[in-house]
Amino acid sequence: MDGTIIHLISGSNAKLDEASMNARVKISCNSSPAELDLSCFMVGADGRVPADEYFIFYNQPADPQRAVRFEPIDKYSGEFVIDLRALQSSGVEKCVFAATLDGPGTFAEVRGCKISAAAGNTELVFAITEGKAETSLVLAELYRHGQGFKLRAVGRGFHGGLKPLAEAHGVEVEDEPAAEAASPGEPGHTAAAAAAAELSASFAEAAAATAATTPAQPAPPLRLNLTKIDLHKQQVTLSLRKKNIEQEKARVAVVFDASGSMSALYQKGVVQRAFERILAVAASMDDDGMLDVWFFATKSKRMPSVGEAGYEDYVKRTYPGPRMFGGLGIGNNEPVVMEDILKKYTKEDPGVLPVYVVFFSDGGIYETRKISKLLIDSSKHNIFWQFVGLGHADYGVLRELDDLQGRYVDNADFFALDDLDEVSDEELYDRLFNEFPKWLREARAKGVIRS
């Protein structure tokens, strides 16, 4: 850059350009025995984050106010983009920048590690010249100084990796389960399936032997046992009838926000109950009665499809709640899951039936440009997006869907609920099918749907 470059040594500090509204803090190295996990802890006067959302890293690339945003470059480098005005008006006292080896080795084996902060015509650079025998390294702190900020070079090693480093700055990290159920095709799944098959065969042989020596018993009386799904289905049928689409068939999918702010809704079982109510839609309207399921936060994951027989504790069994480590992160990244939905229904498994997607989110939506483009691109496909907001939150572009220009057909609807548990089945299903019939008519008229 053209301007002043100031080189720092451990313990020294220097001012950022006070006239600048933004800064870019870059961490990089020339070589390393493992990839670098870069992180920023936005802490208060006590040295701890006020909430987990102020821990910025690969799985959560921005804080709620977007004062700090992480932009990865490659496996050895990345940048934090700082909105200095937003940071100044926040309650954050300082930003602590750190790097952790995501694999074997220590920082004694890392070469050319440095951190730089560029703002206006000034760049502050701190190069790590002495190897550290630890797996994590606190490189520098950006802290308040008058009406501006200073960068202090630290270079302090930290034992134990990212988890203890995060906990030292007040981030609550849940331990991962000792062993999770293996997915189909994985070694654990194969072994378990073989064992189950062998056990099943043993029981079958025993049952056959018993049947040969035991007199036949009269069949038990038939019992009618309506499940929760059956009760929900009754109202689904009534709502479909109101909209004159009772005979309509479609492929049904549901998407659940799994960002950090959703934690309480998972813990209270609200997400499971929402799942059950949408499963009733699939059981009534889907061509094979199966519901396709996605969860998303910073990343997304396509889960096993499910029918009425497998609804109990589905959420707890598949994704019981937001996880910062080993899961999908705790940020909001709607485009990543929307892209995977489009991939499934337009490339991997296309079909002629309409696709009805119910998308639950509690807000924090900021990827306006990407979401808009995906909705425009998908408007020529047989996919309808029904977005449902949970609570009082910032829903960004979703509140403006009716005015979104450039779409071939209006392919999306949005409504928000203060409390999902307080809404009756009648109201919920009537609202879910509010704009879907209109889209069906327009999509068929324009050849988007050919069924």
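Residues numbered from 1 in each chain as written. Predicted model: local features only at pLDDT ≥ 70, side-chain atom pairs only at ≥ 80, totals over all residues. Heavy atoms only, no water.

This next bit is on the overall build of the chain. Regarding its fold elements, the chain presents 11 helices and 18 strands. For the chain, the residues scored as buried account for 49% of the 451 residues in total. In the chain, 75% of the contacts between residues at least 6 apart in sequence involve partners at least 24 apart. (Helix = DSSP H or I, 4+ residues; strand = E, 2+ residues; numbered from the N terminus. Buried < 20%, exposed > 50% of the residue type's maximum accessible area, 1.4 Å probe, protein only. Contact = heavy atoms within 4.5 Å.)

Time to look at the pairing of strand β8 (residues 94-102). Counting buried residues in β8 gives 7 out of 9 residues, a clear majority hidden from the surface. In terms of strand pairing, strand β4 (residues 35-43) meets β8 through 9 bridges, oriented antiparallel. By the bridge assignment, Glu 35 is partnered in β8 with Asp 102. With 7 bridges joining them, β8 and strand β11 (residues 136-145) adopt antiparallel strand pairing. Residue pairing in the sheet places Ala 99 in a bridge with Leu 137 of β11. (Pairing = 2+ DSSP bridges.)

Below, the discussion takes up the environment of Val 337. Tracing the backbone shows Val 337 in helix α8 (residues 334-348). Leave out the neighbours within four places in its chain, and Val 337 touches Val 255, Trp 294, Phe 296, Ser 300 and Phe 359.

Nonpolar side chains in soluble globular proteins tend to be buried together. Grouped together as the largest cluster of nonpolar side chains are 59 residues, with contacts concentrated most on Phe 41, Met 42, Phe 80, Ile 82 and Phe 97. In this structure, this core is formed jointly by two domains, domain 1 (4-169) and domain 2 (228-446), each of which donates at least three residues. Excluding anything up to four places from it in sequence, Ile 82 contacts Met 21, Asn 22, Ala 23, Val 25, Ala 67, Val 68, Leu 87, Phe 97 and Leu 142. Residues Val 270, Val 358, Val 409 and Phe 433 belong to the second largest nonpolar core, which totals 53 residues. (Core = buried A, V, L, I, M, F, W, Y, C linked by side-chain atoms within 4.5 Å. Domains from an automatic or database assignment.)

With that settled, the discussion passes to the sheet that holds strand β5 (residues 55-56). Ordered in space as β2-β12-β11-β8-β4-β5, the 6 strands form an open sheet in which the pairing is antiparallel. Both edges of this open sheet fall to β2 (13-15) and β5, since each of them pairs with a single strand only.

Counting through the fold element by element, Asp 425 comes out in helix α10 (residues 425-432). The contacts of Asp 425, once residues within four sequence positions are left out, are His 232, Gln 235 and Arg 277.

Let's shift gears to the confidence of the model for the chain. In this model, the chain carries a mean pLDDT of 85, and residues with pLDDT of at least 70 account for 88%. A low-confidence stretch, residues 177-225 stays under pLDDT 50, and its non-local contacts, those more than four residues away or across chains, total 7 contacts. (pLDDT = per-residue confidence, 0-100.)

To continue, consider the state of the cysteines. Across all of its chains, the model carries 0 disulfides by this definition. Of all cysteine sulfurs, the one in Cys 95 lies closest to Cys 40, which takes part in no disulfide; the gap is 4.1 Å. With no disulfide of its own, Cys 113 lies closest to Cys 29 among cysteine sulfurs, the gap being 6.0 Å. The exposure class assigned to Cys 113 is buried, which follows from its relative accessible area of 4%. (Disulfide = S-S within 2.5 Å.)

Across all of its chains, the model carries 22 aromatic pairs by this definition. When the centroid spacing of 5.1 Å and the interplanar angle of 55° are considered together, the rings of Tyr 395 and Phe 414 count as tilted. On the criterion of sequence distance, the pair formed by Tyr 395 in the loop between β17 (383-390) and β18 (412-417) and Phe 414 in strand β18 is long-range, its members being 19 residues apart. Feature note: the residues Phe 41, Phe 55, Phe 57, Tyr 58 and Phe 325 constitute an aromatic cluster, connected by ring pairs. (Phe/Tyr/Trp six-rings, centres within 6.5 Å; stacked < 30°, edge-to-face > 60°.)

The next subject is empty space enclosed by the protein. Going through the model one piece at a time under the given rule, you end up with 1 cavity of 30 Å³ or more. Roughly 30 Å³ of volume is contained in the largest cavity. For the largest cavity, the full set of lining residues is Phe 384, Asp 410, Glu 435, Lys 438, Trp 439 and Glu 442. Examining the composition of the lining of the largest cavity, we find that 3 residues originate from one element, helix α11 (residues 436-445), more than from any other. In terms of residue class, the lining of the largest cavity is built from 2 nonpolar, no polar and 4 charged. (1 Å grid on protein atoms, 1.4 Å probe; cavity = no way out; pocket = protein on both sides within 12 Å on 5 of 7 lines; lining within 4 Å. Points joined across faces, edges and corners; volume = space filled by probe spheres on them. Nonpolar A, V, L, I, M, F, W, Y, C, P; charged D, E, K, R; others polar.)

As paired strands, strand β3 (residues 22-28) and strand β9 (residues 114-119) are joined by 5 bridges and run antiparallel to one another. Note on β9: the bridge partner recorded for Ile 27 is Ile 115.

Here we come to the packing of helix α4 (residues 228-242) against α10. It is the contact of α4 with α10, at a shortest axis distance of 9 Å, that shows an interaxial angle of 45°. Judged by the inter-axis angle, α4 sits oblique to α10. The hand of the α4/α10 crossing is right-handed. Counted together, His 232, Gln 235, Val 236, Ser 239 and Lys 242 of α4 and Asp 425, Glu 426, Tyr 429 and Asp 430 of α10 form the full contact between these two elements. (Axes fitted to C-alpha atoms, helices over the stretch in contact; angles between N-to-C directions. Parallel < 35°, antiparallel > 145°, perpendicular 65-115°, else oblique. Left-handed = near helix turned anticlockwise from the far one by under 90°.)

Here we come to the sheet that holds β17. Sheets are built from strands paired through backbone hydrogen bonds, the pairs being either parallel or antiparallel. Taken in spatial order, the 6 strands line up as β15-β14-β13-β16-β17-β18 in an open sheet, and their pairing is mixed. Taken across any chain shown, the strands that pair with only one partner, and hence form the sheet edges, are β15 (300-306) and β18. On average, each strand axis in the sheet is tilted by 20° relative to the strand beside it, whichever way the strands run. Relative to strand β14 (residues 286-296), strand β13 (residues 250-257) runs parallel, the two sharing 7 bridges. When the bridges of β14 are listed, Ala 250 appears paired with Asp 286. In the packing of α10 onto the sheet, the strands contacted are β16 (355-361), β17 and β18, and the crossing angle to β18 comes to about 155°.

Right, let's get into the environment of Ala 19. Along the chain, the position of Ala 19 falls in the loop between β2 and β3. Taking relative accessible area as the criterion, Ala 19 reaches 68% and is therefore assigned exposed. Sequence-wise, Ala 19 and Ala 119 are 100 residues apart; in three dimensions their C-alpha atoms are separated by 8.6 Å.

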